[in-house]
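Remarks on the overall topology
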Amino acid sequence: MKKKYVICAVIHLVLIVYMLFNQNLLVNDIIEMFLLVLVMSFLFSNVFFLFKKKTPYIPYIQSELFKSSIVLIALWGLIIYSTQFKSIAKEEAIGDLDVMIEKLEHIHPDIYYCLPKDSFEQVLMDYKKEMPDKISELELYKGCARLTSLFKDAHTKPVINFMQLAFRAIFPNKIRIMEEKIYVIDNLTWMDRIPPGSEIVAINGRSTSQFIDEMSQLVSFENIAWRNRLITDPFNIAIWNNFGSYTISYKQADTGKIVKVHTSGGVLSKLCIAYLSKRERKSELEFKVLPDNIGYLGFHGCNDIKGYEKFYKQTFKEIQERKIRHLIIDIRNNGGGHSVIGAELMQYLFNQPFKELDSLAFKMSKEIEETGKMAYYIKPKEGDWGKLYKKVNTDPYLPRDNPLRFTGKYYILLNNGTFSAACMFASPFKCYGDGILIGEETGGITVGFGDVHSFSLPHSDIKVTTSWKKFWYACGIDDRKGIIPDYFISNSIEDEILHKDRVLEYTLELIKNKVSDRLQINSN
């Protein structure tokens, strides 16, 4: 046997043994990744061998598998490096917490809006006292998350390093919360599957209510709609569980029997998520014509800052040419981004002055001044550091001459994934009574904080985001609620399992009935 093969085998053995004893990784993950790479390499090598002429089979396969083993060594090294949570001394961790709070107080327009400062300081003091002499980066991240969740601002939170998620266990099921109960919608694993529709009654020994309570302390949210969105995310649950395995107790939908499964969301689960994400992923902006000449404009994101103007021109030209009189605008699961994309869409819908915001406020801080963002509102020499500035009665958008402006009826679809800039877009429709809103309460509230600034903590390098503005959306009410639709329609668990869109179906039926009523009136 060649010396290089022996050396390679020894390196593999050492790395595998190390990872087996590494508590940050699951044994299943290691085996799955090892077999996946080798099997795929063997299959592709055999396919490529068919195109090789006068090449001995055994030496060729040996050579290809050796190359794959080198790739595996590099992969093992990357996994080991990326999954190491460094320990931080207590003094340094406390220093990071002090920096985080100091910057939040400097930047956020009203960080103690939802709880008194002295109450927060007591929680912070207790947390510092209970902190061990050394704390892992993950535990410090979770500590920061628990502290920022008290502010009830969904934009103010620590951000987990993506590489810490890439090779770790996730929650192996797609779930939904209804009336504080958790139901399985789909499986993210090919083993230890739970029948869709089953109710989960316990996760790792915690009851459903305990799980929801603990998860609620790890995420930043403003209303229950957005909370439910966040705490059912498989990656957020993985952080809650320190990326370990799961023992899940569930109630069978048909028999009511309690069944327990032990599973982990390893490599195969991540491949399943990648497949489902690709299958379910939608373009940020899409348009299609549904039966009965009904237009459907999918507004699924606010990040395509380059292509939105061209898209709107093409879309509304087609709408005009097809003489479409009913337009559905779907902003479900639109998590926000650039508000200008929604404002431009309104130029094709509103024929009167309109506002997305009634008022806004911001605190003058050196951190924001250094970004140049504050210059739009005030010059540094004209303001006072730390002072809160409020602009009441913001200037409305004036509808410009637009031959492509839509003059028919439009219907806005909402859900708990409608957040931030998407919620801002929806607010004028609720405020002015233009259009019909259908679906669920939005995850974004009508008076809250936004426009994100980020910074990193000096010792742990944990990234923290915070709002630096407060917004009063059009006709916004400070009641910590999202935009409430005119027709509250929600998918049932069965609808989710069958991939049935009850909200869209209801909207189409509503349009059909309105058209039918109008025709009946005209005939009379």
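Here the residue numbering is sequential within each chain, running from 1 through the sequence in written order. Per-residue local features of the predicted model are confined to residues with pLDDT of at least 70, and side-chain atom pairs are confined, for both listing and counting, to 80 or more; whole-chain, interface and lining totals are unaffected and use all residues. Computation of side-chain values: all heavy atoms of the structure, hydrogens and water removed.

1. Some details on the sheet that holds strand 11 (residues 294-299)
In this analysis, strands are considered paired if DSSP registers two or more bridges between them. Every helix listed is a DSSP run of H or I at least four residues long, and every strand listed is a run of E at least two residues long, numbered separately from the N terminus. Ordered in space as 10-11-12-15-16-19, the six strands form an open sheet in which the pairing is mixed. Only two strands of the sheet have a single partner each, and these edge strands are strand 10 (285-290) and strand 19 (487-488). Relative to strand 19, strand 16 (residues 436-439) runs parallel, the two being bridged by two bridges. Across the sheet, the residue bridging to Ile-438 is Tyr-487, located in strand 19. Sheet strands touched by helix 12 (residues 308-321): strand 10, strand 11 and strand 12 (326-330). Its angle to strand 10, the strand with the most contacts, is close to 10°. Two residues form a contact once any of their heavy atoms are found within 4.5 Å. Working convention: axes come from line fits to C-alpha atoms, limited for helices to the stretch in contact. Angles between N-to-C directions cover 0 to 180 degrees.

2. Brief notes about the pairing of strand 15 (residues 409-414)
In this scheme, a residue with accessible area under 20% of its type's maximum is buried, one over 50% is exposed, and one in between is partly exposed, where area comes from a 1.4 Å probe on protein chains only. Of all six residues making up strand 15, five are buried, and the element is well covered by its neighbours. Taken together, the five bridges between strand 12 and strand 15 define a ladder with parallel strand orientation. When the sheet's bridge partners are listed, Asp-330 is paired in strand 15 with Leu-413. Relative to strand 16, strand 15 runs parallel, the two being bridged by four bridges. Note on strand 16: the bridge partner recorded for Leu-414 is Gly-439.

3. Considering the nonpolar core
Counting residues in each nonpolar core, the largest one holds 102 residues, and the members touching the most others are Met-100, Phe-299, Tyr-312, Phe-316, Leu-327, Ile-329 and Leu-349. Leu-349 has contacts with Phe-316, Leu-327, Ile-329, Arg-405, Phe-406, Tyr-410 and Phe-429, leaving out every residue within four places of it along the chain. Residues belong to a common nonpolar core when they are buried Ala, Val, Leu, Ile, Met, Phe, Trp, Tyr or Cys residues joined through side-chain atoms within 4.5 Å. The next biggest cluster of nonpolar side chains, apart from the first, holds 13 residues, and it includes Ile-328, Tyr-411, Ile-489 and Val-503.

4. Some details on the environment of Tyr-411
When you line up the elements, Tyr-411 lands in strand 15. Given the relative accessible area of 1%, Tyr-411 is considered buried. Taking the C-alpha atoms as reference, Tyr-411 lies 9.9 Å from Leu-510; in sequence the two are 99 residues apart.

5. Section: the layout of surface pockets
What the second largest pocket holds in volume is close to 790 Å³. Grid spacing is 1 Å over the protein atoms alone, the probe is 1.4 Å, and a cavity is where that probe fits but cannot get out, while a pocket is an open set with protein on both sides within 12 Å along at least five of seven lines and lining residues have an atom within 4 Å of a point. Lining the second largest pocket are 28 residues; nearest its centre among them are Ser-339, Leu-357, Tyr-377, Tyr-397 and Lys-469. Broken down by secondary-structure element, the contributors of at least two residues to the lining of the second largest pocket are helix 13 (339-346), strand 13 (357-363), helix 15 (421-432), strand 17 (447-456) and strand 18 (463-473). The class makeup of the residues in the lining of the second largest pocket is 14 nonpolar, seven polar and seven charged. Grid points are joined across faces, edges and corners, and a volume is the space filled by probe spheres set on the points. Residues were grouped as follows: Ala, Val, Leu, Ile, Met, Phe, Trp, Tyr, Cys and Pro as nonpolar; Asp, Glu, Lys and Arg as charged; and all remaining residues, including Gly, as polar.

6. Overview of the state of the cysteines
In this description, a disulfide is simply a cysteine sulfur pair whose atoms lie within 2.5 Å. The final tally for this structure, using the stated rule, is one disulfide. Bridging Cys-431 to Cys-475, the disulfide has an S-S length of 2.0 Å. With a gap of 44 residues between them, Cys-431 in helix 15 and Cys-475 in the loop between strand 18 and strand 19 connect regions that are remote in the sequence. On the basis of relative accessible area, Cys-431 is assigned to the partly exposed category, the value being 22%. The exposure class assigned to Cys-475 is partly exposed, which follows from its relative accessible area of 45%.

7. Considering the packing of helix 4 (residues 90-107) against helix 5 (residues 117-130)
Relative orientation of the contacting elements helix 4 and helix 5 amounts to 165°, with a least axis distance of 11 Å. When the interaxial angle is binned, helix 4 and helix 5 end up roughly antiparallel. Both helix 4 and helix 5 take part in a crossing whose hand is right-handed. Residues Lys-90, Ile-94, Leu-97, Asp-98, Ile-101 and Glu-105 of helix 4 form the contact with helix 5, whose own contacting residues are Lys-117, Phe-120, Leu-124, Tyr-127, Lys-128 and Lys-129. When its residues are assigned to classes, the contact of helix 4 with helix 5 shows six nonpolar, no polar and six charged. When an angle is under 35 degrees it counts as roughly parallel; over 145 it counts as roughly antiparallel; between 65 and 115 it counts as roughly perpendicular; any other value is oblique. Helix crossings fall into two classes, left-handed where the near helix is turned counterclockwise from the far one by less than a right angle and right-handed where it is turned clockwise.

8. Describing empty space enclosed by the protein
Going through the model one piece at a time under the given rule, you end up with one cavity of 30 Å³ or more. One number sums up the size of the largest cavity: a volume of about 60 Å³. In terms of lining, the largest cavity is formed by His-155, Glu-222, Phe-419, Ser-420, Gly-444, Ile-445, Gly-448, Phe-449, Phe-471 and Tyr-473. Elements supplying a minimum of two residues to the lining of the largest cavity: strand 17 and strand 18. Along the lines of polarity and charge, the residues of the lining of the largest cavity split into five nonpolar, four polar and one charged.

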